[in-house]
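One-letter residues, chain by chain:
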Amino acid sequence: MSPRAKTTHPPTPTEAPTVTPPTATAPAGSAHLALRRPRLPQWAPWLVAAVAASTSAILALLLGWSVVGWAIVAVLLYAVVLPSWSRVVENARAAKDRLVTTLVWAAFAVALVPLVALVWKVLAEGAPVVSAEFLTFSMRNVIGPGGGIYHAILGTLLITLAATVISVPIGLMSAIYLVEYGNSSRAARTITFLVDVMTGIPSIVAGLFAYALFVLFFGEGVRMGFGGAVALSLLMIPIVVRSCEEMLKLVPHDLREAAYALGVPKWRTITKVVLPTSLAGIITGVTLAIARVIGETAPLLIIAGSTDSVNTNLFAERMMTLPVFIYYSYTQPGVPAEYGQERAWGAALVLIVIVMALNLLARAVGRYFAPKSGR
């Protein structure tokens, strides 16, 4: 071995250098940042609501306020106390959130007041009148008590059904053209503009138009149920177009492109892919349109007229409907007057029940035809 060669030995554990990580020295006065901020307990809103209601009730008793004044003061106290408490315990953002939440619920309650009052009034006045006789008899040769609204119910259903048969194909086809074929063309923009204009047409103008149209064919003084259906269809078509257009726009383009990639024609893609996917929303939109026109009175007064007898022919003679029956029963109640006004309230209750039944039916049908989601 060369004398210049040296033997190297691996370092022993004691010889390994020790590396001390640098310690971050926190500046003086710095506080530890918590990952979770304090929150108000879950019962805090209920406690504040109880205190606000009790304080407002005491003030109402002392100062003689009404229920409206008590409710307003209670809401104001709640809107001040809860956000202030939240700002102290939580932070400014949480306080703003609670304030806006309070305002939203207050606005919802205010909007709910007239609805509840209306339903309560109609139930209180109309429920005692509704009976089997009231629903199965007409007003033919009835003077004073007795009679019913069978002829008006039948006329309302027939005219509304005819208006739906006219409006739904036209509205749905127009929406399909605007979404699938229009592509922002001049014709599509024109149709959209006309639909927007028709949305704001007063109902009595639609009745006058239908009357003027039928006068050209049948002469002065024409009255028939089909004329009322035409007038109502003018009010339904723009609603159907708009609702169906929005539902068709919600269908993902990936579904259309997948069908096109498989060589499926466009018309078949629309009928087999687009329409089934959006069918639930389309049914809901059509139901909203029906509910919009089923209570119209002015156009039916002009073109459908009124009668005390049952008429099932849409193309001959006058036809009574529930809105017109309510109008005449309240404005021309007869002798004694209380019987006519009672019938008006009863017919109003039946009309509300029909509209509610249509909405429930539409929800059930829409849920049945809605696309099934699965993994």
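Remember, predicted model here, so these are calculated numbers, not experimental data. (Residues numbered from 1 in each chain as written. Predicted model: local features only at pLDDT ≥ 70, side-chain atom pairs only at ≥ 80, totals over all residues. Heavy atoms only, no water.)

**With respect to helix H2 (residues 67-89)**
Point 1. For H2, which comprises 23 residues, the first-to-last C-alpha distance of 33 Å matches the rise-based estimate of 33 Å (1.5 Å per residue) to within 8%.
Point 2. For H2, the complete set of buried residues consists of Gly-69, Val-73, Ala-74, Tyr-78, Ala-79, Leu-82, Pro-83 and Ser-86.
Point 3. In this fold, the buried residues of H2 make contact with helix H1 (44-63) and helix H3 (92-126). (Helix = DSSP H or I, 4+ residues; strand = E, 2+ residues; numbered from the N terminus. Expected span 1.5 Å × (residues − 1). Buried < 20%, exposed > 50% of the residue type's maximum accessible area, 1.4 Å probe, protein only. Contact = heavy atoms within 4.5 Å.)

**Digging into unusual backbone geometry**
A negative phi angle is the norm for most residues apart from glycine, just as the trans form is the norm for most peptide bonds.
Point 1. With a phi angle near 65 degrees, Glu-317 is a residue other than glycine that sits in the positive phi range.
Point 2. Structurally, Glu-317 is set in the loop between helix H11 (298-303) and helix H12 (322-331).
Point 3. Take Glu-317: its relative accessible area is 58%, and that puts it in the exposed class.

**Quick look at the UniProt feature "transmembrane region" (unreviewed entry) in the protein**
Point 1. Taking the UniProt record as the reference, the feature "transmembrane region" (unreviewed entry) is found at residues 43-62, 68-88, 100-120, 149-179, 191-218, 224-241, 273-294 and 344-365.
Point 2. Between the C-alpha atoms that bound residues 68-88 the distance is 31 Å, and the span itself is 100% helix and 0% strand.
Point 3. With 95% helix and 0% strand, the stretch residues 273-294 has end C-alpha atoms that lie 32 Å from each other. (UniProt positions renumbered as here; feature names shortened; annotations may be inferred.)

**With respect to the nonpolar core**
Point 1. By size, the foremost hydrophobic cluster in this structure holds 42 residues, and its most contacted members are Ile-149, Ile-159, Leu-248, Leu-275, Ile-282, Leu-322 and Phe-325.
Point 2. Sorting the residues of this core by element identifies helix H5 (150-182), helix H8 (225-249), helix H10 (266-293), H12 and helix H13 (337-369) as the ones contributing at least two each.
Point 3. Ignoring any residue separated from it by four or fewer positions in sequence, one finds Ile-159 in contact with Gly-225, Gly-228, Ala-229, Leu-232, Leu-300, Ala-304, Leu-314, Met-319 and Thr-321.
Point 4. Within the second largest apolar cluster, ten residues are counted, among which are Ala-210, Met-224, Ala-231 and Ile-302. (Core = buried A, V, L, I, M, F, W, Y, C linked by side-chain atoms within 4.5 Å.)

**A closer look at the packing of aromatic side chains**
Point 1. For the structure shown, the criterion picks out five aromatic pairs.
Point 2. Where Trp-105 meets Phe-108, the ring centres are 5.9 Å apart and the plane angle is 90 degrees; that geometry is what we call edge-to-face. A residue pair is termed a helical-turn pair when its members lie 3 or 4 positions apart in one helix, as Trp-105 and Phe-108 do in helix H3 at three residues.
Point 3. On the basis of relative accessibility, which here comes to 45%, the residue Phe-108 falls in the partly exposed class.
Point 4. Ring geometry for Phe-214 and Phe-218: centres 6.0 Å apart, planes at 15 degrees, overall stacked. Of this pair, Phe-214 and Phe-218 both sit in helix H7 (residues 203-218), four residues apart, which is roughly one turn of that helix. (Phe/Tyr/Trp six-rings, centres within 6.5 Å; stacked < 30°, edge-to-face > 60°.)

**Overview of the pattern of salt bridges**
Point 1. Under the criterion given, the structure shown has eight salt bridges.
Point 2. Arg-98 is paired through a salt bridge with Glu-90; the nearest N and O atoms lie 3.3 Å apart.
Point 3. For Arg-98, a relative accessible area of 17% translates into the label buried.
Point 4. Taking the relative accessible area as the measure of exposure, Glu-90 reaches 8% and is therefore buried.
Point 5. A salt bridge links Glu-245 to Lys-249; its shortest N-O distance comes to 3.4 Å. Of this pair, Glu-245 and Lys-249 are both found in helix H8, four residues apart, which corresponds to roughly one turn of the helix.
Point 6. Look at Lys-249 and you get partly exposed, because its relative accessible area is 48%.
Point 7. Put simply, Asp-196, Arg-242, Glu-245 and Lys-249 are held in one network by salt bridges that share partners. (Salt bridge = Lys/Arg side-chain N within 4 Å of Asp/Glu carboxyl O.)

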